[in-house]
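# Reading the structure
Each chain, written out:
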Amino acid sequence: VNGTTSSVQVAIEYDKRDDRFAPTKGLFAGTSLEYAGIGGDLDYTLGSVSFRYFNNLFWSVVWRNNVTYRFISSNDDSKDVPFSERFFLGGPYTLRGYDPYAVGKKKRSQKAHDAYLALNPTDPTGAELHSMRPFGGTQQAYYQMEFEFSLIEEAKIKGVLFYDIGNADDTLSSSGFRSDMGFGFRWFSPIGPLRFEWGIPLNRRELERAVVFNFSIGSPF
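First, a word on scope: everything that follows refers to the structure included in this document. Everything quoted here is computed from the prediction, not taken from an experiment.

### Details of the pattern of salt bridges
In the structure shown here, the tally under the stated rule is 16 salt bridges. The shortest N-O distance in the salt bridge between Arg 209 and Asp 99 comes to 2.5 Å. Here Asp 99 lies in the loop between strand 4 (61-74) and strand 5 (106-108) and Arg 209 lies in the loop between strand 10 (192-201) and strand 11 (212-217), a separation of 110 residues in the sequence. In this structure Arg 209 comes out as partly exposed when scored by relative accessible area, which is 42%. Residue classification places Asp 99 among the partly exposed residues on the basis of a relative accessible area of 29%. The salt bridge involving Lys 105 is made with Asp 170; its shortest N-O contact spans 2.5 Å. Note that Lys 105 is positioned in the loop between strand 4 and strand 5 and Asp 170 in the loop between strand 8 (157-169) and strand 9 (178-189), a separation of 65 residues in sequence.

Here it is, written out as structure tokens:
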């Protein structure tokens, strides 16, 4: 949905981490509420709750946790939630075993279905799979856990083992949650943490990759 957004947001945060960029202990909790519709074209309410916990278990091993829930709703019953504000999961900052926008509500595209079937007339099952396009949900919830440990202390290179689980849809149910696990390493360079991670989906579906590589800059949470 194209248009102008005019909104006001209220946020409350509690931060007891020992470091904002590379915490080894402490916790962070935050909640926010955004109301859009004070002028502009888009009219919605968006809320978010997040909790993060860090603990140095032993030596250089840090146990990191992140739980996040978000919702969005239209302030006008006659209008749907803007597509640009809907939620998806996947990629280096949520579910690392899936491509960006891969996890979330999908809708069938008749145009994509017909185009695939024109090239593959004997594969109606494949046409149905390829016709599903990301649409996004009005709710999302996900949990990330990882163990970060030092590999080469002098070079500021660390290793990581991680597990993620989450879902993005209009209604969240246990059957819709997707999970992954993986490993990687991080270099705390002068421009910030460089992350190289390989995620493996645990409940892989057709058309999804067996291993997803992610490169990103900055902390995952």
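So that's the structure; there's more coming.
### Some words on the environment of Pro 220
One can find Pro 220 in the segment after strand 11. Counting along the chain gives 107 residues from Pro 220 to His 113, while the straight-line C-alpha distance between them is 36 Å. In this view, Pro 220 contacts Arg 64, Pro 92, Tyr 93, Arg 96, Gln 144, Glu 146, Arg 186 and Arg 195; residues no more than four positions away in its chain are not counted.

### Concerning the packing of aromatic side chains
Aromatic rings considered in pairs are described by the distance between their centres and by the relative angle of their planes. In this structure the tally under the stated criterion is twelve aromatic pairs. Residues Phe 185 and Phe 196 carry aromatic rings whose centres are separated by 4.9 Å and whose planes lie at 20 degrees to one another, so their mutual orientation is stacked. With Phe 185 in strand 9 and Phe 196 in strand 10, this residue pair connects regions lying eleven residues apart in the sequence. Members of the aromatic cluster, joined through ring pairs, are Phe 183, Phe 185, Phe 196, Trp 198, Phe 213 and Phe 215.

### Quick word on unusual backbone geometry
Positive phi, close to 60 degrees, is recorded for Lys 156, a residue that is not glycine. Relative to the helices and strands, Lys 156 resides in the loop between strand 7 (139-152) and strand 8. Looking at Lys 156, the relative accessible area reads 52%, which means it is exposed.

### Thoughts on helix 2 (residues 124-131)
All buried positions along helix 2 are accounted for by Gly 126, Ala 127 and Ser 131. One side of helix 2 holds all its buried residues, which, seen down the axis, span an arc of 130 degrees. Residues of helix 2 that are buried make contact with strand 5, helix 1 (110-119) and strand 6 (132-134).

### Things to note about the environment of Asn 75
Relative to the assigned elements, Asn 75 resides in the loop between strand 4 and strand 5. Asn 75 gets classed as partly exposed once you look at its relative accessible area, which sits at 29%. In sequence terms Asn 75 and Ile 165 are 90 residues apart; their C-alpha atoms lie 30 Å from each other. Excluding residues that lie within four positions of it along the chain, Asn 75 makes contacts with Tyr 35, Ala 36, Asp 43, Tyr 44 and Thr 45. There is a polar contact of 2.8 Å between the side chain of Asn 75 and the side chain of Asp 43.

### Thoughts on the sheet that holds strand 7
Taken in spatial order, the nine strands line up as 1-2-3-4-7-8-9-10-11 in an open sheet, and their pairing is antiparallel. On the outer flanks of this sheet lie strand 1 (5-15) and strand 11, each paired with one strand and no other. On average, each strand axis in the sheet is inclined to that of its neighbour by 15 degrees, with strand direction left out of account. Two strands pair when backbone bridges link them, and strand 1 and strand 2 (residues 26-40) are joined in this way by ten bridges, in the antiparallel orientation. In the sheet register, Ser 7 faces strand 2, and the bridge partner there is Ala 36.

Quick notes on the rules
- Residue numbers run consecutively from 1 along every chain, following the written order of its sequence.
- Given that the model is predicted, a residue must reach a pLDDT of at least 70 before its local features are reported, and side-chain atom pairs must reach 80 or more before they are shown or counted; all residues, however, enter totals for whole chains, interfaces and linings.
- To obtain the side-chain values, all non-hydrogen atoms of the structure were used and water was disregarded.
- When a carboxyl oxygen of Asp or Glu is within 4 Å of a side-chain nitrogen of Lys or Arg, the pair counts as a salt bridge.
- Strands here mean DSSP runs of E at least two residues long; helices mean DSSP runs of H or I at least four residues long; both are numbered from the N terminus.
- Relative accessibility under 20% of the residue-type maximum defines a buried residue, over 50% an exposed one, and the middle range a partly exposed one, all with a 1.4 Å probe and only protein chains included.
- By definition in these notes, contact holds between two residues if any of their heavy atoms fall within 4.5 Å.
- For Phe, Tyr and Trp, rings pair up if their centres lie within 6.5 Å, where Trp contributes its six-membered ring, and each pair is then called stacked (planes under 30 degrees apart), edge-to-face (over 60) or tilted (otherwise).
- The arc in question is the one spanned by the directions pointing from the helix axis to the C-beta atoms.
- Side-chain atoms alone can form a polar contact between residues adjacent in sequence; in general such a contact is a pair of N or O atoms within 3.5 Å, and within protein one must be able to donate a hydrogen while the other accepts it.
- Pairing between two strands is assigned when DSSP locates at least 2 bridges connecting them.
- Comment: axis = line fitted to C-alpha atoms, over the contacting stretch for helices; angle = value between 0 and 180 degrees taken between N-to-C directions.

Shape is all these values report; function is a separate question.
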